[in-house]
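Inside the fold
Chain residues, written in single-letter form:
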Amino acid sequence: MSLPILKFDAVVVGGGGAGLRAALQLSEAGLKTVVLSKVFPTRSHTAAAQGGISASFGNSEEDNWHWHMYDTVKGADWLGDQDSIEFMCKQATDAVSELEHYGMPFDRLENGKIYQRPFGGHMADFGKKPVRRACAVADRTGHAMLHALYQRNVKAQTHFFVEWMALDLIRDAAGDVVGVTALEMETGQVYIIHAKAVLFATGGAGRIYQASTNAFINTGDGLGMTLRAGLPVEDIEFWQFHPTGLYGAGVLITEGVRGEGGYLLNGDGERFMERYAPTAKDLASRDVVSRAMQIEINEGRGCGANKDHVLLKLDHLGAEVIDQRLPGIREISIQFLGIDPVKQPIPVVPTAHYMMGGIPTNYRGEVICGASETIVKGFYAAGECACASVHGANRLGTNSLLDLVVFGKSAGNSVIEFVKTLAEAKPLPENAGEFTLARLAKLETAAASGVKVAEVRNAMQVCMQQHASVFRTQDVLDDGVEKILAIYNQAQNLYINDKSKVFNTARVEALEFLNTLEVAVATMLAARERTESRGAHARVDYPDRNDEKWMKHSLYYSAERRLEYKDVHTKPLSVDYMPPAKRVY
Ligand code: FUM
């Protein structure tokens, strides 16, 4: 069966911050560009980013991009590529000024400059004391960013295919990427989008976990497609647990609360972060704070009847500051728990938040493969789905919004350069689309005795929560590998009851789940191998970082379930290398 073909210069998969920033670059350069998005772009998960975007303006106190770079290298526990990190931190102020000129309504200081708040791990003078670096739109920074970028794209005449889901990459015989297959959800029709370049900005995969700050759409689609196309994912063992997920609901309560002066208390009413991070205290890096919280809970100093959470106190900030700077989290806390933070502390727990790994790219947003970092022609990635390796083993808060716009633009520029070299898109392979159709047919014809999506998805999420969480050990990971592979085998007989075409959410959920599962398996296998503690990968049985053996990136290939490793980039673009040091806050 042949599929209908739509032709574009460039197809951007994902309508969040990275996808919109990339698409804007492409459309403004005159390329016929389409953004495929599972949801209306302003409902993308970027909307959930609350606290700010980092840039060393120094609007309230001295700051500079070298300090930002150092904090990012240290935050990443020396697993970040220093060329990428320099690229991002150096461009931050220009990137934020650009957003401001696009109409993003940043909060202001009295003197009219952009308001900046402190955030975890962002320090002045190479780690000496917290610095105000997070440019904020109250606690709705990502939401404001999406609207500004969407409007600019409308002006630039970007095409939007909304409620479309990309299904598979199309590679030709040389391995170059020449398009994607995609499902129009409204009709159930599958298309081939034939393009000179494909840019993935598909976001994260936090839905591998049971408790997550991530939207339901964060199902690792880009990673699933990449792995199925024979390409690897990088550093996928590193998952960030945000210290302040709302207890019971998982919704994000921004680190901006602590930036504004809020702090954490254990069941004894103690401000325990003073013990774990004497200088930065509650504004230490996220992995440090999450581990401290988990230790307090594990050692019986949690709060509540089950002693299974801690409290985030902010009532001392007063209603005026909370309503001006943190209105969103006040609303969330009241809506979900009936707790008004103006009067009472918010119950919080470490919650899965961010995937540090992803599709390997260089700082130009070109997808690269293997230890040799060979460029995959026609394929680009940016944002959370990508691993330009700026976040290494642990991301600093507010560096994600920065990553989206810096690498979205950079990847866009690389596409423009590449497309200039092609008069026409490379031809589609003769069998284009067949792989996708076979996958769909398997789902359609599965026996009714097969397993239901909800069952295996739940099993996967429980498994990941129990076996790849804040603290890990060999036994726990070995068991986790066994369980996740059993779930993978069960999922080969996935059955959906609803075979209808129009807006069949059962089919979409099944396809999403298959992507999520690829990421879950990759995470568990990569985590099992890394016998050290680095950033968010905390091994109780290997408590120290081991630079000699492990200062290297993992690359996971799903076909053979194979891992290989490559060197961390130790040459920044213009400054001196920042060598590994003890990571204290
Ligand atoms: O806490 C927050 O506002 C989250 C920010 C981030 O993940 O960068």
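Reading guide: rules and limits
- Numbers given to residues run from 1 along each chain, matching the order in which its sequence is written.
- Residue-level local features of this predicted model are given only where pLDDT is at least 70; pairs of side-chain atoms are given and counted only at 80 or more, and the full residue set underlies all totals for whole chains, interfaces and linings.
- Remark: hydrogens and water are excluded; side-chain values derive from all non-hydrogen atoms of the structure.
- Helix and strand assignments follow DSSP, with helices taken as H or I runs no shorter than four residues and strands as E runs no shorter than two, numbered in order from the N terminus.
- Here a residue is considered near a molecule or strand provided that any single heavy atom belonging to it is located within 4 Å of it.
- We call two N or O atoms a polar contact when they sit within 3.5 Å, provided that within protein one can donate a hydrogen and the other can accept it, with sequence-adjacent residues counted only if both atoms are side-chain atoms.
- Surface exposure here means Shrake-Rupley accessible area, sampled with a 1.4 Å probe, where a residue is shielded only by the protein chains that are shown.
- The rule is simple: put a 1 Å grid over the protein atoms alone, call a set of points where a 1.4 Å probe fits but cannot get out a cavity, call an open set with protein on both sides within 12 Å along at least five of seven lines a pocket, and count a residue as lining if it has an atom within 4 Å of a point.
- More than half of a molecule's atoms within 2 Å of the grid points is what it takes for that molecule to sit in a cavity or pocket.
- Amino acids outside the nonpolar list (Ala, Val, Leu, Ile, Met, Phe, Trp, Tyr, Cys, Pro) and the charged list (Asp, Glu, Lys, Arg) are all regarded as polar, and Gly is one of them.
- Grid points are joined across faces, edges and corners, and a volume is the space filled by probe spheres set on the points.
- Buried Ala, Val, Leu, Ile, Met, Phe, Trp, Tyr and Cys residues form a nonpolar core when they are joined through side-chain atoms within 4.5 Å.
- Note on exposure labels: buried denotes an accessible area under 20% of the residue type's maximum, exposed denotes more than 50%, and partly exposed covers the range between, all computed with a 1.4 Å probe on protein chains only.
- Two joining distances apply to patches: 9 Å for like charges and 5 Å for nonpolar side chains (Val, Leu, Ile, Met, Phe, Trp, Tyr), and every residue must have over 30% relative accessible area and no salt bridge.
- Salt-bridge detection follows one rule: a side-chain nitrogen of Lys or Arg within 4 Å of a carboxyl oxygen of Asp or Glu.
- As used throughout, the charge tally considers Lys and Arg to be positive and Asp and Glu to be negative, leaving His and the chain termini uncounted.
- Every charge is mapped onto a representative atom, which is NZ of Lys, CZ of Arg, CG of Asp or CD of Glu.
- In this description, strands pair whenever DSSP reports at least two bridges between them.
- Contacts are residue-level and defined by heavy atoms, with any inter-residue pair within 4.5 Å sufficient.
- Axis angles are defined between N-to-C directions and span 0 to 180 degrees, where every axis is a line fitted to C-alpha atoms and, for a helix, only to the segment in contact.

1. Looking at the environment of E100
When you line up the elements, E100 lands in helix α3 (residues 82-101). Taking the C-alpha atoms as reference points, E100 and A148, 48 residues apart in sequence, are found 8.7 Å from one another.

2. Quick look at the site of the ligand
Neighbouring the ligand are 13 residues; T254, E255, H353, R395 and T398 lie closest to it. Within the contact set of the ligand, an oxygen atom lies 2.9 Å away from a side-chain nitrogen or oxygen of R286. Here T398 contributes a backbone N or O atom positioned 2.8 Å from an oxygen atom of the ligand. Within the complex, 98% of the 260 Å² of free accessible area of the ligand lies under protein. In a pocket analysis with a 2 Å cut-off to the grid points, the ligand is assigned to the largest cavity. For the shell around the ligand, the class distribution of residues is two nonpolar, eight polar and three charged.

3. As for empty space enclosed by the protein
Inspection of the entire model under this criterion finds four cavities of 30 Å³ or more. Each pocket or cavity is described by its volume, and for the largest cavity that value is around 670 Å³. What lines the largest cavity is a set of 48 residues, among which H45, T46, G203, N218 and E384 lie closest to the centre. Secondary structure elements with two or more residues in the lining of the largest cavity: α1 (17-28), β2 (33-37), β7 (164-171), α5 (221-228), β14 (346-355) and α11 (399-420). Looking at the lining of the largest cavity residue by residue, the classes come out as 18 nonpolar, 24 polar and six charged. If you go around the second largest cavity, the residues you meet are W239, Q240, F241, R286, D287, S290, R291, V470, A536 and A538. Mapped by element, the contributors of at least two residues to the lining of the second largest cavity are β11 (239-246) and α8 (286-298).

4. Examining the side chain of N218
The residue N218 is located in the loop between β9 (189-200) and α5 in this model. At a separation of 3.0 Å, a polar atom in the side chain of N218 contacts the side chain of N214.

5. A look at the nonpolar core
Counting residues in each nonpolar core, the largest one holds 83 residues, and the members touching the most others are V11, L36, I193, F200, F379, M464 and I484. Per element, the largest residue contribution to this core is 13 residues, and it comes from helix α15 (residues 505-529). Listed in part, the 69 residues of the second largest apolar core include A144, Y150, A382 and V419.

6. Some thoughts on a negative patch on the surface
A cluster of acidic residues, D475, D478, D479 and E482, forms a negative patch at the surface. Tracing the backbone through its elements, the reader meets E482 in helix α14 (residues 474-490).

7. Some points on the sheet that holds strand β3 (residues 53-54)
Pairing is antiparallel across the open sheet formed by three strands, whose spatial order is β3-β5-β4. Each edge of the open sheet carries a strand with a single partner, namely β3 and β4 (116-124). Taken strand by strand, helix α2 (residues 65-75) contacts β3, β4 and β5 (129-135), and its axis lies near 60° from that of β4.

8. Description of the sheet that holds strand β10 (residues 233-234)
An order of β10-β23-β24 is seen for the three strands of this open sheet, with the pairing classed as antiparallel. Only two strands of the sheet have a single neighbouring strand rather than two, namely β10 and β24 (562-567). Here strand β23 (residues 552-557) runs beside β24; their pairing, made up of six bridges, is antiparallel. Bridge pairing links S554 to Y565 in β24.

9. Describing the layout of surface pockets
The space that makes up the largest pocket amounts to roughly 840 Å³. Taken together, 30 residues line the largest pocket, and the ones lying closest to its centre are H45, A47, A48, A215 and V251. The residue makeup of the lining of the largest pocket, split by class, is 13 nonpolar, twelve polar and five charged. Volume-wise, the second largest pocket comes out at about 640 Å³. Those elements that provide at least two residues to the lining of the second largest pocket are α8 and β22 (538-539). Per-element accounting of the lining of the second largest pocket gives the leading share, four residues, to α8. The residue makeup of the lining of the second largest pocket, split by class, is 13 nonpolar, three polar and eight charged.

10. Overview of the side chain of H194
One can find H194 in strand β9. One polar contact links the side chain of H194 to the main-chain carbonyl oxygen of K426, over a distance of 2.7 Å. Those residues in contact with H194, other than ones at most four positions away along the chain, are I5, L6, K7, F8, V178, G179, A425, K426, P427 and L428.

11. So, the pattern of salt bridges
This structure, assessed with the given rule, holds 47 salt bridges. D77 is the salt-bridge partner of R583, the closest N and O atoms lying 3.7 Å from each other. Residue R583 is located in the segment after β24, and its partner D77 is located in the loop between α2 and α3; the two are separated by 506 residues in the primary sequence. Residue D77 is classed as buried on the basis of its relative accessible area, which comes to 6%. Two residues, R583 and D287, come together in a salt bridge whose shortest N-O distance is 2.8 Å. Here R583 is found in the segment after β24, whereas its partner D287 is found in helix α8, with 296 residues between them in sequence. For R583, a relative accessible area of 16% corresponds to the buried category. Owing to a relative accessible area of 5%, D287 belongs among the buried residues under this scheme. One connected set of salt bridges, linked through shared partners, spans D77, E237, D287, R291, R530, E532, R534, R545, D547 and R583.

12. Digging into the environment of R330
Of note, R330 is situated in helix α10 (residues 327-337). Taking relative accessible area as the criterion, R330 reaches 19% and is therefore assigned buried. C-alpha separation for the pair R330 and Q492, spaced 162 residues apart in sequence, amounts to 44 Å. With residues near it in sequence (within four places) discarded, R330 still touches I322, D323, D340, P341 and V342.

13. As for the pairing of β7
Summarising burial for β7: seven of the eight residues are buried, a large majority. Sheet topology note: the β7/strand β8 (residues 177-184) ladder contains seven bridges and is antiparallel. Bridge pairing links M165 to L183 in β8. Hairpin connection, β7 to β8: the antiparallel pair is bridged by five residues, and G175 has positive phi, about 90°.

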